[in-house]
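Below are the chains, spelled out letter by letter.
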Amino acid sequence: MSAITLEIFDAGGPQAGYIGWSPVRLKISGTSAVGSRSVVLKSRSLSGSVSRAVFIERFGTAPQDEITVNLGPTNEVEIFVAGKFQPGKPHNGASADSKDVVVEAAWADQPTQVTGSLDLMIRVRKNANQLSEKARTDFLNALATLNGIKTGQGTTPGPGKGVYVTDFVGMHVAGATGNEHGDSMFLPWHRLYLLDLERLLQQVNPAVTLPYWRFDEPAPNLFSEDFIGATESIPPNSPFTQGVSDKRATFAATNPLSQWKIGEVNGISRAAFFDTKSHPASGQVGFRLINQLQTLALGGEIGAFGAKRTQFSAMEGTPHGAAHVSFNGPINFVPEAPKDPLFFLLHCNVDRLWGLWQFTFKRDVANENLSYPYQNDASTPDSWKVIHAPQWPWEDSLSRPGNLRPPGVRNRNFTQSPTGKTIPGNVPVIVDAIDANGQHDPQNYLGFAFDDVPFDYDRALELIA
Amino acid sequence: MTISEYRNNLLSEINQSAEPLDEETKNLLALAGDKEGIGNLINVINDETTSSEEKISAIDSLNAVSNFSPALRTKMPEMVNALRGQMSADDEAIRYRAFATLTAMKDEVAQERLLSELESGKKEQDKMVPTSMAISMLGTDEKALPGALLREIALNPPDTDSLIEAVRHMPGDPESFDVLKQIMEEDENPLEARAMIPEMINNVDPPAFLSAAREMLQSKGTDHDLAPSLAKGIAGITMPEAKPDVLETKAMVRDLMSSSPESFKTLANEILFEKDESADQ
């Protein structure tokens, strides 16, 4: 029986076979000895997994658990494959920490005889408090590697000297706050920032994604010595000390973050104004953190950062800002915050909330003001905020307001990945971040997803119709 | 459940359950874009007649919005001046806030005040800010803390936290080697300080570090609280000329593995013993 070949869109290399909820191309080819050109495809979960794949004949059609396709005279055909979103299942059906779904192909006249297969991981960003031990360990090792910490074999520049410090801490500083905060570019800029880091993490280990800290729920597994650090609680009326704390997160000796360094400074200073074992983040007195539903209830307009603060852009204040100031330590001050790796888990949740809002209110249409308000040069005096503006630090320019050069090696060096959209010239623009799921065009798909933000097939059907 | 049903459920939850923003939060969000409001809070800080509570509330509000307020950026010089005026406040809650905010902004006036006090020999209870906190505040600027001062504090710390902060911020350089090695070898020092040191000194003087590591592992055992950090320090040495010493130390660790706790064995195998032993030759 002749073999059937299955080639996923990112075929070849160690990063092949990682999909999310968005449809990605799957090429099926083969020559049957008995002349049949029809192939049956289905997916199977490995033991202990609930993950499944779905098949989409053409972009904009409904997903199917099983599909029969005809290879035609060229003996090959291209369809789409995606992870099956299964609400209520662990991670809504995403893979826990590794490739646990097999796509199996058989000739239609012998459907029980599998002659081609492809291992996949439904790789999405997950709730940090719910990670498997392997997923947590993989993430910490990859993150530590980017700090410069040796976590296994191979060489590193040394703790505190890796790209995390030189580039990712180096780009989120006071001199660049005009590029990054205080207006509607806040959400897309940070989405790109996170994606740049996540793609580097995946170069270390392709199974890794950034976890999100669901700051409106207790996260005792996250604030532990085995993860982001056990964090002492201080009374809510303790002095709020910007950028510093007299307490430090503590780590198990086996946790690679026990060697965390930023430049020459060891460890992570952090204390919480809430009980991290039993409570969600608190915000500050008079500045409360709002929960997920309240955040979505800010409404379906993105708004601009002016008088209309009750629109969705207000989420930069709360819950985002409120989550930051739930602590003493660098995490509570924008120019210092990424020195604490909790920063990226906090912002991963901010990005997830944006993604959930985009899904709920259908705000992924790039040329709509409701999705992003600065559509052209006339809409704002600040050119870098316009939707097609290249973004610092990846653009070879000076930051605002500090006129800083791009740090480290970020200049024209946004990390590319075979599992998502190739960013032209390695310089992202704001519009790259708007249709991140590839809802309108599969080529827009950035290669990441959240466990609770699905791809909307119903809308894809509408848009194609 | 279809995706549309998933969305409709979410919309239903939003409509039914979401509570409105409280007034205090709305006011703070509005403040972020309100230059006049920000100016008023700065005036509260400057006003000698306002109470400590009012001043604290003003500073906290300004700090809360500083992370997302373009309006505050335009008033920053005034805010800095106001906070400088509070560095000598009688109320330590105000003083701590003033110094923390200013040093986070790398304000040189605040840095100079804290440094001169650290160098003064003043009694701990008479200081504007405790030593450990002062080090942490100055540490937000990598150029603000002289190594010599940190070494002095580490050798004669007023308290445990000061020792830990001094070690945290000390550069791992030749000048600091002897002080760091001494602290590392003394079990009565807090583990939190000792555990940082192997990585800090391992590339400054690898033979000296490795000799100390071997001595400590042999005399105190691999179940000693510092053993994992020593293993990480050994693994972190990158100087090619240290290779014979590294190999000797690894061989010694390998000999100790049979009597080591599982956690140490796992760590040592992961970071010390390469799959391809020929790489060590």
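Please read these numbers as outputs of a predicted model, since none were measured by experiment. (Residues numbered from 1 in each chain as written. Chains lettered and ligands numbered in written order. Predicted model: local features only at pLDDT ≥ 70, side-chain atom pairs only at ≥ 80, totals over all residues.)

In terms of helices and strands, chain A carries eight helices and 15 strands. Here the C-alpha radius of gyration of chain A, 23 Å, is about what a compact globule of 465 residues would show, namely 23 Å. By its C-alpha atoms, chain A is 80 × 55 × 40 Å across when sized along the principal axes. Across the 465 residues in chain A, those meeting the buried criterion constitute 59%. Restricting to contacts in chain A with at least 6 residues of sequence separation, those with at least 24 account for 69%. (Helix = DSSP H or I, 4+ residues; strand = E, 2+ residues; numbered from the N terminus. Rg over C-alpha atoms; globule rule 2.2 N^0.38 Å. Buried ≥ 20, exposed ≤ 12 C-beta atoms within 10 Å, placed from the backbone. Contact = placed C-beta atoms within 7 Å.)

In this section: the overall build of chain B. Check the secondary structure of chain B and you find 18 helices and zero strands. What you see for chain B is a C-alpha radius of gyration of 26 Å, clearly larger than the 19 Å of a compact globule of 281 residues, by over 25%. Reported as C-alpha extents along the three principal axes, the dimensions of chain B are approximately 70 × 70 × 30 Å. Burial statistics for chain B: of 281 residues in total, 41% are counted as buried. Within chain B, counting contacts between residues at least 6 apart in sequence, those at least 24 apart form 61% of the total.

A few words now on the interface of chain B and chain A. Facing 62 residues of chain B, the contacting portion of chain A comprises 56 residues. Only α1 (3–17), α2 (23–31), α4 (52–66), α7 (92–104), α9 (131–138), α11 (160–169), α16 (227–235) and α18 (262–271) of chain B provide two or more residues apiece to the side of chain B that touches chain A. Taken together, the residues that form the side of chain B that touches chain A break down as 27 nonpolar, 20 polar and 15 charged. (Nonpolar A, V, L, I, M, F, W, Y, C, P; charged D, E, K, R; others polar.)

Glancing now at the packing of helix α15 (residues 206–220) of chain B against α16 of chain B. All names here are of chain B. Look at α15 against α16: their axes get within 10 Å of each other, and the N-to-C directions meet at 150°. Classified by the interaxial angle, the pair formed by α15 and α16 is roughly antiparallel. In terms of crossing hand, the pair formed by α15 and α16 is left-handed. Residue-level contacts link Phe-209, Leu-210, Ala-213, Met-216 and Leu-217 of α15 to Ala-227, Leu-230, Gly-233 and Ile-234 of α16. Considering only residue class, the contact of α15 with α16 consists of eight nonpolar, one polar and no charged. (Axes fitted to C-alpha atoms, helices over the stretch in contact; angles between N-to-C directions. Parallel < 35°, antiparallel > 145°, perpendicular 65-115°, else oblique. Left-handed = near helix turned anticlockwise from the far one by under 90°.)

Looking now at the domain arrangement of chain A. All names here are of chain A. As assigned here, chain A comprises domain 1 (4–122) and domain 2 (128–448). A straight line from the C-alpha centre of domain 1 to that of domain 2 covers 33 Å. Domain 1 puts 14 residues into the contact, and the matching count from domain 2 is 15 residues. (Domains from an automatic or database assignment.)

Before going further, it helps to spend a moment on the nonpolar core. Within soluble globular proteins, side chains that are nonpolar generally end up buried alongside one another. The biggest cluster of nonpolar side chains holds 207 residues, and the ones touching the most others in it are Ala-82 of chain A together with Val-167 of chain B. The element that contributes the greatest number of residues to this core is helix α7 (residues 342–361) of chain A, accounting for eleven residues. Val-167 of chain B has contacts with Ala-154, Ile-183, Ala-193, Met-196 and Ile-197 of chain B, leaving out every residue within four places of it along the chain. (Core = buried A, V, L, I, M, F, W, Y, C linked by C-beta atoms within 7 Å.)

Bringing unusual backbone geometry into the picture now. Residue and element names in this part refer to chain A. Geometrically, the link from Trp-392 to Pro-393 is a cis peptide bond, its omega value of 10° lying close to zero. Omega for the bond connecting Arg-400 with Pro-401 falls within 30 degrees of zero, at 5°, which places this linkage in the cis form. Even without a glycine there, the phi angle at Lys-362 is positive, about 60°. Tracing the chain through its elements places Lys-362 in the loop between α7 and α8 (457–464). For Lys-362, a count of 17 C-beta atoms within 10 Å puts it in the partly exposed group. Its identity as a non-glycine residue notwithstanding, Arg-412 has a phi of 50°, on the positive side. Examined against the element boundaries, Arg-412 turns out to sit in the loop between α7 and α8. Among the residues examined, Arg-412 registers 14 C-beta atoms within 10 Å and is labelled partly exposed.

Residue and element names in this part refer to chain A. The four strands are arranged β1-β3-β7-β5 in an open sheet whose pairing can be described as antiparallel. The open sheet has two edge strands, β1 (4–8) and β5 (53–56), and neither has a second partner. Geometrically, the sheet is characterised by an average inter-axis angle of 35° between neighbouring strands, direction not taken into account. Two strands pair when backbone bridges link them, and β5 and strand β7 (residues 76–83) are joined in this way by four bridges, in the antiparallel orientation. Paired with Ile-56 across the bridge in β7 is Phe-80. (Pairing = 2+ DSSP bridges.)

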